[in-house]
Amino acid sequence: MLQGKKILLGVTGSIAAYKAAILVRALVKRGAEVKVIMTETAKQFITPLTLATLSKNPIYVEFFNPENGEWNSHISLGEWADLYLIAPATANTMAKAAYGVADNLLLTTYLSVRCPVAMAPAMDVDMYNHPTTQENMKKLLGLGVLFIEPEEGELASGLYGKGRMAEAEDIAEQLEQYFADRQKKAEGGDELSGRKVLVTAGATMEAIDPVRYITNRSTGKMGYAIAEALLSRGAEVVLVSGRTTIEAPKGAELVAVESAQEMYEAVMARFEECDGAVMCAAVADYTPESVSDVKIKKKDDAEGLTLRLKRTHDIAAELGRIKGERVLVGFALETDNEQVNAEAKLAKKNFDFIVLNSLKDKGAGFAGDTNKITIISAEGSEAYPLESKHAAAVRIVDAMAKRMK
């Protein structure tokens, strides 16, 4: 989907600027034409000559060429591009963009472009998590900027956390998906327009006392990606979400819950008005029989603490019993006998199809930005390679849209 696309790449002064060379190659390899704007600071991390060689285009840094006075028009650059990608995007650049500061060619171009803008943040974990940075990102998101989330890992500071710029292949893949979604819309791809879909996401929390609770490792990333993919295809989305730190996709109706009981009640109250549901949340199978009103104190004796648990409602099975003509999608996260267990769950809960994850597959499952899925239905199964959760979400929504027709 990048064949023939004109990508304007803005490179800012981050240690991650070295990845710009790999990114340019990835974009060019996919058929894109790339022009690069650099900030003066970015030149300290990667040379213009490197990027000019890889992009086969001159590099823009100043407003004009000091040798001959030739003007580098930010207006013309903005008119040329199909998409403006700022990668890496530093906290400084995002702050300036959020408030309209235009003190270099890269930012002046940002304020001039008519094409979509994407940013791939890169910074230390504390800078990324700072409330000011998060607020600036929210403002830019509200202005229509597409964010390509940074990854968790070891940072240049030696700390470990979220802040590493996404890898070049992942960025290129997300841009391909973005253009694919746009093309579907242009070709009447809003095939889910008028449809209402319920999505569950995140982890439930089962209280033990006012301080402690039982939960699981789900972050909600997969469910939120599915909600975004549904919205991009024109669907109305009700997102019933347990614990997560992710911001809800713009346009989704968010219903925040904590416990399995609260999720059950929210889903059952809204399912009747929907055309389908995707059960992506990690819902507790058991909850304490009783919850203490006060913090349970540690005893001095050597005896442990015994918790008596009871079963929670099986939300997916209940929906499968009453779904009628609605399309119902389930998830199976397995650690052994994956295919057999998923197929049994498919039949038992009356799903139209089930999405299988295996924790044995590196890069799949909780917390990460990637997933490796197999879609299983009565007609058979199809396994897909490791890819971003956004790409996996599109595959799931594709399969759902076919059944909704």
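The structure under discussion appears in the preceding block.
Procedures and definitions
Residues numbered from 1 in each chain as written. Predicted model: local features only at pLDDT ≥ 70, side-chain atom pairs only at ≥ 80, totals over all residues. Heavy atoms only, no water. 1 Å grid on protein atoms, 1.4 Å probe; cavity = no way out; pocket = protein on both sides within 12 Å on 5 of 7 lines; lining within 4 Å. Points joined across faces, edges and corners; volume = space filled by probe spheres on them. Helix = DSSP H or I, 4+ residues; strand = E, 2+ residues; numbered from the N terminus. Nonpolar A, V, L, I, M, F, W, Y, C, P; charged D, E, K, R; others polar. Pairing = 2+ DSSP bridges. Contact = heavy atoms within 4.5 Å. Axes fitted to C-alpha atoms, helices over the stretch in contact; angles between N-to-C directions. Buried < 20%, exposed > 50% of the residue type's maximum accessible area, 1.4 Å probe, protein only. Salt bridge = Lys/Arg side-chain N within 4 Å of Asp/Glu carboxyl O. Expected span 1.5 Å × (residues − 1). Arc of directions from axis to C-beta.

Re the layout of surface pockets
Here comes step 1: For the largest pocket, the calculated volume is near 1,800 Å³.
Here comes step 2: In terms of lining residues, the largest pocket is bounded by 50 residues, among which L141, L146, F147, E228 and H390 are the most central.
Here comes step 3: At the level of secondary structure, the elements contributing two or more residues to the lining of the largest pocket comprise strand 5 (117-121), helix 6 (125-129), helix 7 (131-142), strand 6 (146-147), strand 7 (151-154), helix 8 (168-186), helix 9 (221-232) and helix 13 (389-404).
Here comes step 4: The residue inventory of the lining of the largest pocket, partitioned by class, reads 22 nonpolar, 13 polar and 15 charged.
Here comes step 5: Considered as a void within the structure, the second largest pocket measures approximately 1,000 Å³ in volume.

Overview of the sheet that holds strand 1 (residues 6-11)
Here comes step 1: Taken together, six strands build an open sheet; the order of strands is 3-2-1-4-5-6 and the sheet is parallel. Two strands in the sheet have a free side with no partner beyond their single neighbour: strand 3 (59-60) and strand 6.
Here comes step 2: Strand direction decides the pairing type here: strand 2 (residues 33-38) and strand 3, joined by two bridges, are parallel. Pairing of I37 across the sheet is with Y60, part of strand 3.
Here comes step 3: Strands in contact with helix 1 (residues 19-29) are strand 1, strand 2 and strand 4 (83-89); relative to strand 1, the strand with the most contacts, it is inclined by about 175°.

Describing the side chain of T204
Here comes step 1: Its location among the elements puts T204 in the loop between strand 9 (196-201) and strand 10 (206-207).
Here comes step 2: Look at T204 and you get buried, because its relative accessible area is 0%.
Here comes step 3: Every residue in contact with T204, bar those within four places of it in the chain, is listed here: I214, T215, N216, E258, S259, A260, M263, A282, V283 and A284.

Some thoughts on the sheet that holds strand 21 (residues 380-383)
Here comes step 1: Ordered in space as 13-12-9-14-17-18-20-21, the eight strands form an open sheet in which the pairing is mixed. Across the chains shown, the open sheet's two edge strands, defined by having one partner strand only, are strand 13 (253-256) and strand 21. Across this sheet, the average inter-strand angle for adjacent strands is 15°, counted without regard to direction.
Here comes step 2: The pairing of strand 18 (residues 353-358) with strand 20 (residues 374-377) spans four bridges and is antiparallel. Note that in strand 20 the partner of I354 across the bridge is I376.
Here comes step 3: Helix-sheet contacts for helix 9 involve strand 9, strand 12 (236-241), strand 13, strand 14 (276-279) and strand 17 (327-334), and the interaxial angle to strand 9 is about 165°.
Here comes step 4: Contacts between helix 13 and the sheet are confined to strand 9, strand 14, strand 17, strand 18 and strand 20, with strand 17 contributing the most and set at about 150° to the helix.

With respect to the pairing of strand 9
Here comes step 1: Of all six residues making up strand 9, six are buried, and the element is well covered by its neighbours.
Here comes step 2: A two-sided burial pattern is seen for strand 9, the buried positions comprising K196, L198 and T200 on one face and V197, V199 and A201 on the other.
Here comes step 3: Inspection of the sheet shows strand 9 paired to strand 12 by six bridges, in the parallel sense. Bridge assignment links L198 to a residue of strand 12, and that residue is V238.
Here comes step 4: Where strand 9 and strand 14 come together, four bridges link them in parallel fashion. Each residue of the ladder has a partner; that of V199, found in strand 14, is V278.

Topic: the pattern of salt bridges
Here comes step 1: Inspection of the entire model under this criterion finds 19 salt bridges.
Here comes step 2: A salt bridge links E191 to R233, with the shortest nitrogen-to-oxygen separation between them at 2.7 Å. With E191 in the loop between helix 8 and strand 9 and R233 in the loop between helix 9 and strand 12, this pair connects stretches of sequence that are 42 residues apart.
Here comes step 3: Taking the relative accessible area as the measure of exposure, E191 reaches 28% and is therefore partly exposed.
Here comes step 4: A salt bridge links E253 to R270; the shortest N-O distance between them is 3.9 Å. Within this pair, whereas E253 is found in strand 13, its partner R270 is found in helix 10 (residues 260-270), the two being separated by 17 residues in sequence.
Here comes step 5: Residue R270 is classed as partly exposed on the basis of its relative accessible area, which comes to 22%.
Here comes step 6: Among the ionic contacts, a cluster of salt bridges with common partners joins K19, R164 and E167.

A few points about helix 7
Here comes step 1: Taking 1.5 Å as the rise per residue, helix 7 with 12 residues should run 16 Å; its terminal C-alpha atoms sit 16 Å apart, in good agreement.
Here comes step 2: Within the span of helix 7, buried status applies to T133, N136, M137 and L140. Taken down its axis, helix 7 places every buried residue within 100° of arc, on the same side.

A short note on the environment of A52
Here comes step 1: Mapped onto the secondary structure, A52 falls in helix 2 (residues 48-55).
Here comes step 2: Sequence-wise, A52 and V24 are 28 residues apart; in three dimensions their C-alpha atoms are separated by 9.7 Å.
Here comes step 3: What A52 contacts, discounting residues up to four positions off in sequence, is N57 and I59.

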